[in-house]
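Tertiary structure, described
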Amino acid sequence: MAQKIRFTKMHGCGNDYIYVDTTQYDIPDPQAASIAWSDRYKGIGSDGLVLIGKSTVPEADFTMRIFNADGSEAMMCGNASRCIGKYLYERGLTTSTNIRLLTLSGVKILSLHLINNKVDTVTVDMGEPKLEDESQFLSHRATGKGTFVSMGNPHYVIFTDNVDQVGETGRVLEHHPAFPQRCNIEFATPLPLEGQGEVSIRTRVWERGSGITQACGTGACATAVAAALTGRAGRTSQIVMDGGTLTIEWRESDNHVYMTGPAEFVFDGEISL
C-alpha cells in the first residue's frame, strides 16, 4: 500500500520547493522523489525537494537537505533556508526567532523578523564567501570574463548588458570543463540609480541541476560579492531577480554575507510515495 506524504509548497522570491518534515515522514529515496514531484506537468511542480529534520548535533537546532529537480543534492539554498525559518516558526516547531540550521555547507543562522507574530522576512548569515584566484576565472566568447564566488556552492557571475542570455549561455557554462562539479551561472547588470543609496543589480540565474529559476539566494549573494569586488557596488546591494528582490550585505566586520528577504507559503497537500 502506498504511503501518503504530507508536504508544503513554499517559495522565496519565486524559487519554489516542496518541503517535507522528516520527523513525521521517511523519504527513503529523495533523489527519485525530487525528480517525480518536481515535474511541473506530472507532479507537484517545483525547483526541487527540501527535507527538514531535527539536528543530532548540539551546534544546530534543525537540518536541511535539498535536492534539485534533476535529483542531484545541493549544498545550500538561501531561499529554501528562509522558507524553513518561516515553516518552523509558524508551524509551531520552534518559538525561537534565531534558528541554527545545519546544511551541507555548515551551520547557517536564521534571524526571523516578525509582524503580528508572523514571519515577514528572514535574514540568513550565509558565512564568508570563498574566492578563486584570477587563473581560475573562465573566459567565454559570448560573455567575456566572469568572477567565481563560492557561497558553499559554486557560482560564476558575469556582468553583461544581456541578462536574457541566461537560457542559451547558462546551459552551456553549467557543464563547461572549467567546472568539473558543474556551476551556477549568474548574468547581472547594475541598474541606473536616481540619487544616492544602495546599488540595484538586475540578475538572472541558471541554477545547477534546475535550469532557469525565479531566484537564487546563494546566487544573489555571489552577485553582490562580485559587484563589490569589481567596483560596481559597495558592501550592500539590492539584487533584483525574476521573482523578487533580496537585500545582500557583505559586512566588513566579520567578512560574512547576510541575505534578507521574504518567504511565502503556497499550499499544503498530500502525495503518494
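Since the model is a prediction, treat every value here as computed from it, not as a measurement.

**Re the overall build of the protein**
- For the protein, the helix and strand inventory stands at four helices and 20 strands.
- By the compact-globule yardstick of 19 Å for 273 residues, the protein fits well, its C-alpha radius of gyration being 18 Å.
- Projected onto the principal axes, the alpha-carbon positions of the protein cover approximately 55 × 40 × 35 Å.
- Looking at the protein as a whole, 52% of its 273 residues qualify as buried.
- Residue pairs in contact within the protein that sit at least 24 positions apart in sequence constitute 59% of those at least 6 positions apart.
- On the protein, the mean spot of the 24 positive side-chain charges and the mean spot of the 32 negative ones are 3 Å from each other.

**A short note on helix 2 (residues 78–90)**
- Taking 1.5 Å per residue, 13 residues should reach 18 Å; helix 2 reaches 19 Å between its end C-alpha atoms and fits that length.
- Burial within helix 2 is extensive, with 12 of its 13 residues counted as buried.
- Phi turns positive, to about 75 degrees, at G92, one or two residues after helix 2.

**Some points on the packing of aromatic side chains**
- This model, assessed by the stated rule, comprises three aromatic pairs.
- Summarising the aromatic geometry, the rings of F7 and F267 are spaced 6.0 Å apart at their centres and angled 80 degrees between planes, so their arrangement reads as edge-to-face. Highlighted residues: F7 in strand 1 (residues 4–12) and F267 in strand 20 (residues 264–272), separated in sequence by 260 residues.
- Accessibility expressed as a relative area gives 36% for F267, which makes it partly exposed.
- Look at Y156 and F179: their rings are 5.4 Å apart centre to centre, the planes differ by 55 degrees, and that puts the pair in the tilted class. Remark: F179 occurs in the loop between helix 3 (166–174) and strand 14 (184–190) and Y156 occurs in strand 13 (residues 154–159); sequence separation between them is 23 residues. Of the two residues, Y156 and F179, both sit in the buried class.
- The ring of W250 carries the charged tip of R235 above its face, separated from the ring centre by 4.2 Å.
- A cation over an aromatic ring shows up here: R251 above the ring of Y258, its NZ or CZ 3.7 Å from the ring centre.

**What to know about unusual backbone geometry**
- Even without being glycine, N116 reaches a positive phi, approximately 55 degrees.
- Overall, N116 belongs to the exposed group, its relative accessible area being 74%.
- Positive phi, close to 65 degrees, is recorded for N117, a residue that is not glycine.
- Within the secondary structure, N117 is located in the loop between strand 7 (106–115) and strand 8 (118–125).

**Comments concerning the pairing of strand 3 (residues 48–54)**
- Of all seven residues that make up strand 3, six are buried, and the element is covered over most of its length.
- Each parallel crossover has a hand, and the one from strand 2 (residues 15–21) via helix 1 (residues 30–38) to strand 3 is right-handed.
- Sheet topology places strand 3 next to strand 4 (residues 62–68); seven bridges connect them, and they run antiparallel. Among the inter-strand pairings, I52 is bridged to a residue of strand 4, identified as M64.

**Some points on the environment of N15**
- Secondary-structure assignment places N15 in strand 2.
- Residue N15 is classed as buried on the basis of its relative accessible area of 0%.
- When neighbours within four sequence positions are excluded, N15 is seen to be in contact with M10, D47, C77, N79, E207, T213, Q214, A215 and C216.

**Quick word on helix 4 (residues 217–229)**
- Between its terminal C-alpha atoms helix 4 stretches 19 Å, which fits the 18 Å expected from 13 residues at 1.5 Å a residue.
- Within helix 4, 11 of the 13 residues are buried, which leaves it mostly tucked inside the rest of the structure.
- Buried within helix 4 we find G217, T218, G219, A220, C221, A222, T223, A224, V225, A226 and A227.

**Thoughts on the side chain of Q165**
- Turning to its location among the elements, Q165 is positioned in the loop between strand 13 and helix 3.
- A relative accessible area of 8% means that Q165 is categorised as buried.
- Only 3.4 Å separates the side chain of Q165 from the side chain of T160, close enough to count as a polar contact.

**Focus: the nonpolar core**
- The biggest cluster of nonpolar side chains holds 52 residues, and the ones touching the most others in it are Y19 and I248.
- Of all the elements, helix 4 adds the most residues to this core, at seven residues.
- Once you skip the residues sitting within four places of it in the chain, I248 turns out to touch A220, C221, A224, R235, T236, S237, I239, V257, Y258 and M259.
- By size, the runner-up hydrophobic cluster in this structure holds 12 residues, among which are V20, I27, L51 and F67.

About the criteria used
The written sequence of each chain sets the order in which its residues are numbered from 1. Where totals are concerned, whole chains, interfaces and linings use all residues; where local detail is concerned, this predicted model gives features only for residues with pLDDT of at least 70, and gives and counts side-chain atom pairs only at 80 or more. Excluding hydrogens and water, the side-chain values take into account all heavy atoms of the structure. Each helix corresponds to a stretch of at least 4 residues labelled H or I by DSSP, and each strand to a stretch of at least 2 residues labelled E; elements are numbered beginning at the N terminus. With the radius of gyration taken over C-alpha atoms, the globule rule is written as 2.2 Å times the number of residues to the power 0.38. To sort residues, take the accessible area from a 1.4 Å probe on protein chains only and compare it with the maximum for the residue type: under 20% means buried, over 50% means exposed, and anything in between is partly exposed. We call two residues contacting when some pair of their heavy atoms lies within 4.5 Å. Positive charges come from Lys and Arg alone, negative charges from Asp and Glu alone, with His and the N- and C-terminal ends not counted. The location of each charge is read from NZ of Lys, CZ of Arg, CG of Asp or CD of Glu. Any helix carries an expected span of 1.5 Å times its number of residues minus one. Paired rings are identified among Phe, Tyr and Trp, the last through its six-membered ring, by centres lying within 6.5 Å, and are further divided according to the angle between planes into stacked (under 30 degrees), edge-to-face (over 60) and tilted (the rest). To sit over a ring, a charge needs its Lys NZ or Arg CZ within 6 Å of the ring centre and within 35 degrees of the ring normal. With the strands aimed away from the viewer, a crossover counts as right-handed if its path from the first strand over the helix to the second runs clockwise. The pairing criterion is simple: DSSP has to find at least two bridges between the two strands. Identification of polar contacts relies on pairs of N or O atoms within 3.5 Å, with a donor-acceptor requirement for protein atoms, meaning one able to donate a hydrogen and the other able to accept it, and with residues adjacent in sequence counted only if both atoms are side-chain atoms. Buried Ala, Val, Leu, Ile, Met, Phe, Trp, Tyr and Cys residues form a nonpolar core when they are joined through side-chain atoms within 4.5 Å.

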